[in-house]
Amino acid sequence: MSYVQRVIDAVKEKDPDQELFIQAVTEVLESLEPVLDAHPEYEANAILERIVEPERVVMFRVPWVDDNGKVQVNRGMRVQFNSAIGPYKGGLRLDPSVNLSMIKFLGFEQIFKNSLTTLPMGGAKGGSDFDPKGKSDMEVMRFCQSFMTELAKHIGADTDVPAGDIGTGGREIGYMFGQYKRLRNEFTGVLTGKGLQYGGSLARPEATGYGLVYLVEEHLKCNGESFEGKTVAVHGSGNVAIYAIQKVTQLGGKVVTCSDRKGWIYDPEGVDYEIVKQIKEVERGSLALYAERKAGAEYHEGDARGVWTIPCDIALPCAAQNTLFIEDAQTLVANGCKIVGEGANMPTTLDATKYLQANGVAFFPGKAANAGGVATSGLEMSQNSERLSWTFEEVDAKLKDIMVNIYHAADDAAKEYGVEGDFVAGANIAGFVKVADAMIAQGVC
Ligand code: GLU
């Protein structure tokens with residue numbers, strides 16, 4: 001049995017109920033076979049056994065008082081996965097679906113994603129099963145303060161720098177930052193995604209969506225094409241989706257779909273990102289409102305996977321994990337889709353990914369394609385350290401550079417290890433090698 005298979009089996013045996021984590025480990029490790037064959041030192045140093053085990057997991061009670069004076073209790077956690085190349089870095093997810101398996105999967109992915117950015121950031125993830133939807137601002141604030149009261153003991157600008165993710169946006173980061181500052185009596189860059197008035201970076205809100213589009217644009221460019229005239233299907237309508245829609249539109253492409261948890265939009269004239277932004281970010285309402293505001297647009301209540309039935313050249317899943325299944329992959333291929341870029345973390349299931357790749361679709365995994373968010377968080381950390389703010393243009397240019405470099409790093413790694421065109425393997429290998437070499441250099445720890 002191969003080294004990779006033994007480690008996957010050991011993970012399954014140790015945590016058989018952690019399905020999402022097992023899925024992420026399987027996807028990464030299987031694609032590392034060629035690099036492990038070429039470098040026996042990784043097995044000799046037990047790199048895989050170590051890399052699948054978080055350095056630290058913190059799990060804690062988050063009690064808070066709702067608007068009716070009733071005590072509520074949620075579960076908070078932070079998985080500090082790997083600090084070989086820098087302080088732990090990764091977002092905080094606030095969603096009722098959050099559990100340890102999900103946070104471990106996200107933290108594991110983050111190790112390789114952060115490495116790919118070329119910036120010095122280790123991998124981590126955290127969150128809570130708290131649902132900010134339907135809560136008042138004061139309830140969200142009381143939750144965030146309680147959450148940070150415990151989390152503050154485990155993080156710091158040079159230790160672990162959390163950020164946003166699903167359910168954690170600018171409002172939540174603000175409340176958490178305020179509480180950290182009170183507890184520590186320190187104004188530091190302990191969180192990223194902050195407001196511009198207190199150390200946030202220009203272009204951070206746009207970064208994940210823009211970065212995704214920059215990476216796909218580089219692929220198109222290398223093949224003598226551009227977004228001009230391309231039809232794009234987007235799944236999702238959160239922070240990543242909104243700015244991906246804006247950038248595709250700016251580059252001459254047409255986004256014809258987007259979705260939320262209750263339904264999806266088909267807008268043959270091209271989705272207007274400003275309307276989506278107003279509904280989702282300002283009003284925090286349902287996408288059903290979109291069809292009332294934009295002539296010619298259709299709203300379909302029900303499974304948002306309906307977006308994959310609309311013919312497109314490029315598909316951008318930007319919502320959450322496991323939202324593009326094998327049947328969707330088959331439909332996309334049958335309709336002529338040529339590129340899939342993951343704006344979310346692991347939205348495509350393993351069999352769907354393999355089907356897309358086997359059918360000639362250029363597939364860009366989240367850890368490469370959505371790395372623009374955390375990369376710009378890294379740029380926010382740099383600005384905080386030098387106590388300066390860069391212009392939008394400066395940050396945007398650096399982001400674009402990073403995405404172009406990620407594309408070529410993944411492409412080159414795939415070529416070097418004999419799997420040309422396989423960007424899943426390329427991204428995993430390129431991200432892994434730097435971390436593994438740093439782990440060896442630092443001894444058994
Ligand atoms: N949550 C984002 C991600 O999945 C951003 C993390 C960060 O900025 O630290 O990469």
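Located above this text is the structure these notes cover.
Thresholds applied
Residues numbered from 1 in each chain as written. Predicted model: local features only at pLDDT ≥ 70, side-chain atom pairs only at ≥ 80, totals over all residues. Heavy atoms only, no water. Helix = DSSP H or I, 4+ residues; strand = E, 2+ residues; numbered from the N terminus. Rg over C-alpha atoms; globule rule 2.2 N^0.38 Å. Contact = heavy atoms within 4.5 Å. Areas by Shrake-Rupley, 256 points an atom, 1.4 Å probe, with all protein chains shown as cover. Lys, Arg positive; Asp, Glu negative; His and termini not counted. Charge placed at Lys NZ, Arg CZ, Asp CG, Glu CD. Pairing = 2+ DSSP bridges. Axes fitted to C-alpha atoms, helices over the stretch in contact; angles between N-to-C directions. Parallel < 35°, antiparallel > 145°, perpendicular 65-115°, else oblique. Left-handed = near helix turned anticlockwise from the far one by under 90°. Near = heavy atom within 4 Å. Polar contact = N/O pair within 3.5 Å; in protein donor to acceptor, adjacent residues only side chain to side chain. Nonpolar A, V, L, I, M, F, W, Y, C, P; charged D, E, K, R; others polar. Core = buried A, V, L, I, M, F, W, Y, C linked by side-chain atoms within 4.5 Å. Buried < 20%, exposed > 50% of the residue type's maximum accessible area, 1.4 Å probe, protein only. Phe/Tyr/Trp six-rings, centres within 6.5 Å; stacked < 30°, edge-to-face > 60°. Lys NZ or Arg CZ within 6 Å of the ring centre and 35° of its normal. Salt bridge = Lys/Arg side-chain N within 4 Å of Asp/Glu carboxyl O. Right-handed = clockwise from strand over helix to strand, strands pointing away.

### A few points about the overall build of the protein chain
Next, step 1: Of the regular secondary structure elements, the protein chain holds 18 helices and 12 strands.
Next, step 2: Compactness check: the protein chain gives a C-alpha radius of gyration of 21 Å against a globular reference of 22 Å for 445 residues, within 12% of the reference.
Next, step 3: Projected onto the principal axes, the alpha-carbon positions of the protein chain cover approximately 60 × 55 × 45 Å.
Next, step 4: Residue pairs at least 24 apart in sequence account for 72% of intrachain contacts in the protein chain once pairs closer than 6 positions are excluded.
Next, step 5: Accessible surface, the protein chain as shown: approximately 17300 Å² in total, 50% of it carbon and sulfur.
Next, step 6: Looking at the protein chain, you have 44 positive and 61 negative side-chain charges, and the mean spots of the two groups are 6 Å apart.

### Focus: the sheet that holds strand 3 (residues 88–94)
Next, step 1: The strand order 1-2-4-3-5 describes an open sheet built from five strands, whose pairing is mixed. The open sheet has two edge strands, strand 1 (56–65) and strand 5 (160–163), and neither has a second partner. Strand-to-strand twist in this sheet, taken as the mean axis angle between neighbours without regard to direction, amounts to 20°.
Next, step 2: As paired elements, strand 3 and strand 5 share four bridges and run parallel to each other. Across the sheet, K89 pairs through a bridge with V161, a residue of strand 5.

### Notes on the side chain of K230
Next, step 1: Counting through the fold element by element, K230 comes out in the loop between helix 9 (204–222) and strand 6 (231–235).
Next, step 2: Residues within four places of K230 in sequence aside, it is in contact with L220, E225, G253, K254, D313 and I314.

### Description of unusual backbone geometry
Next, step 1: Phi is positive for R284, which is not a glycine, with a value near 50°.
Next, step 2: On the secondary structure map, R284 appears in the loop between helix 11 (273–282) and helix 12 (288–293).

### Considering the packing of helix 9 against helix 17 (residues 392–416)
Next, step 1: Axis separation between helix 9 and helix 17 bottoms out at 9 Å; the angle between their running directions is 50°. Classified by the angle their axes make, helix 9 and helix 17 are oblique. Where helix 9 crosses over helix 17, the handedness of that crossing is right-handed. Within the contact between the two elements, helix 9 uses E206, A207, Y210, G211, L212, Y214, L215, E217, E218, H219 and C222 and helix 17 uses F392, D396, L399, K400, M403, V404, I406, Y407 and H408.

### Here we look at the site of the ligand
Next, step 1: The full set close to the ligand counts 14 residues, and K89, K113, G164, D165 and S377 are the nearest of them.
Next, step 2: Note that an oxygen atom of the ligand is positioned 2.7 Å from one of the side-chain N or O atoms of K89.
Next, step 3: Contacts to the ligand include G164, whose backbone N or O atom sits 2.9 Å from a nitrogen atom.
Next, step 4: Protein contact buries 93% of the 290 Å² of open area that the ligand shows by itself.
Next, step 5: At the level of elements, strand 3, helix 6 (100–116) and helix 16 (372–386) are the ones that each hand at least two residues to the shell around the ligand.
Next, step 6: Residue classes in the shell around the ligand are distributed as two nonpolar, seven polar and five charged.

### Overview of the nonpolar core
The nonpolar side chains of a soluble globular protein tend to be buried, and buried together.
Next, step 1: Formed by 55 residues in total, the largest nonpolar core has its most connected members in V234, Y290 and L316.
Next, step 2: Sorting elements by how many residues they give to this core places helix 9 first, with eight residues.
Next, step 3: Formed by 43 residues, the second largest nonpolar core is a distinct cluster that contains F81, A425, I429 and V435.

### So, the packing of aromatic side chains
Next, step 1: Inspection of every chain in the model, using the stated rule, returns 17 aromatic pairs.
Next, step 2: Taken together, the ring pairs in this structure connect F60, W64, F130, F143 and F147 into an aromatic cluster.
Next, step 3: The positively charged end of K247 is found above the aromatic ring belonging to Y210, 4.4 Å away from the centroid.
Next, step 4: The lysine or arginine in question, K398, covers the ring of W390, its NZ or CZ lying 4.5 Å from the ring centre.

### Quick word on the sheet that holds strand 12 (residues 362–364)
Next, step 1: Spatially, seven strands are ordered 9-8-7-6-10-11-12 in an open sheet, and the strand pairing comes out mixed. Since the sheet does not close on itself, it has two edges, and those belong to strand 9 (298–301) and strand 12, each with one partner. The average angle at which neighbouring strand axes cross in this sheet is 15°, direction not considered.
Next, step 2: Here four bridges tie strand 8 (residues 263–266) to strand 9, and the two strands are oriented antiparallel to one another. Residue I265 lies in a different strand from strand 9, and its bridge partner there is Y299.

### Focus on the pattern of salt bridges
Next, step 1: If you walk through the whole model with that rule in mind, you get 27 salt bridges.
Next, step 2: The salt bridge involving K367 is made with E109; its shortest N-O contact spans 3.4 Å. Pair noted here: K367 is in helix 15 (residues 366–369) and E109 is in helix 6, with a separation of 258 residues, a long-range link.
Next, step 3: The class for K367 is buried, based on a relative accessible area of 1%.

### Description of the packing of helix 17 against helix 18 (residues 423–441)
Next, step 1: One can describe the packing of helix 17 onto helix 18 by two numbers: an axis separation of 7 Å at closest approach and a directional angle of 100°. Taken together, the axis directions place helix 17 and helix 18 in an arrangement best described as roughly perpendicular. Across the interface between the two elements, Y407, A409, A410, D411, A413 and A414 from helix 17 touch F423, G426, A427, I429 and A430 from helix 18.
Next, step 2: By residue class, the composition of the contact of helix 17 with helix 18 is nine nonpolar, one polar and one charged.

### So, the pairing of strand 4 (residues 122–128)
Next, step 1: Counting buried positions along strand 4 yields seven of seven residues, so the element is predominantly enclosed.
Next, step 2: On strand 4, burial covers both faces: G122, A124, G126 and S128 on one face and G123, K125 and G127 on the other are all buried.
Next, step 3: Relative to strand 4, strand 2 (residues 71–82) runs antiparallel, the two being bridged by six bridges. Considered in strand 4, the bridge of R78 is made with G126.
Next, step 4: Here five bridges tie strand 3 to strand 4, and the two strands are oriented parallel to one another. Across the sheet, residue K89 finds its bridge partner in strand 4, namely G123.
Next, step 5: Considered for its hand, the β-α-β crossover made up of strand 3, helix 6 and strand 4 is right-handed.

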